[in-house]
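Structural features, examined
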Amino acid sequence: MIDEQLWQAYLETDYYVHSLQLTIAVGQRHAELDRYLASWGAQCFAFMTAWNPHSQSLSDEENRRRNARLERHLNEFGYRYLSGAGISRTHAWPPEESFLVIDIPPTAALEIAASFEQNAIVFGVRGQPSKLLAVRDV
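Scope of this entry: the structure provided in the associated data block. Not measured: the values here are computed from a predicted model.

Moving on: the packing of aromatic side chains. Considering all chains together, one arrives at four aromatic pairs under this definition. A ring pair is formed by Tyr36 and Trp40, whose centres lie 5.7 Å apart and whose planes are at 25°; its orientation type is stacked. Classification of Tyr36 as partly exposed rests on a relative accessible area of 26%.

One open sheet accounts for seven strands, arranged 2-1-4-5-3-6-7; its pairing is antiparallel. The strands lining the two open edges of the sheet, one partner per strand, are strand 2 (22-24) and strand 7 (131-134). Between one strand axis and the next, the sheet turns by 30° as a mean value, whatever way the strands run. Here strand 4 (residues 80-88) pairs with strand 5 (residues 96-102) via seven bridges, running antiparallel. Paired with Ser83 across the bridge in strand 5 is Phe99. Lying on the sheet, helix 4 (residues 106-115) is in contact with strand 3 (44-48), strand 6 (120-125) and strand 7; it crosses strand 6 at an angle near 165°.

Basis of the calculations
Residues numbered from 1 in each chain as written. Predicted model: local features only at pLDDT ≥ 70, side-chain atom pairs only at ≥ 80, totals over all residues. Heavy atoms only, no water. Phe/Tyr/Trp six-rings, centres within 6.5 Å; stacked < 30°, edge-to-face > 60°. Buried < 20%, exposed > 50% of the residue type's maximum accessible area, 1.4 Å probe, protein only. Pairing = 2+ DSSP bridges. Helix = DSSP H or I, 4+ residues; strand = E, 2+ residues; numbered from the N terminus. Axes fitted to C-alpha atoms, helices over the stretch in contact; angles between N-to-C directions. Contact = heavy atoms within 4.5 Å.

Quick look at the structure:
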């Protein structure tokens, strides 16, 4: 189980996509992201990372190694993605390098997140508010 305070911290994080200069906030629609998804012929996205398994801090070096493994995994399975970062609005922790994965089904995204020992992902469907999904929902 994810404790309530940690869940709230995830909700209070900005999920930033570098190349699009776009911030995703949980519970909000993102018209600009919807336009990008439509231009790619995509219906949905997941925002995920391999940093800090189960929200336990690791060194930047280890986190980058973990994220490189996640990126290799995404490439192996042919997922399109863009680099980003999860940025705490309260500055409770340093930004975590992440990926916006295009057109990945929620079950696949949750399974990947589970394999990288993550607690949650941000998931969205074009035209709808994004959601925070707990990995335990797999």
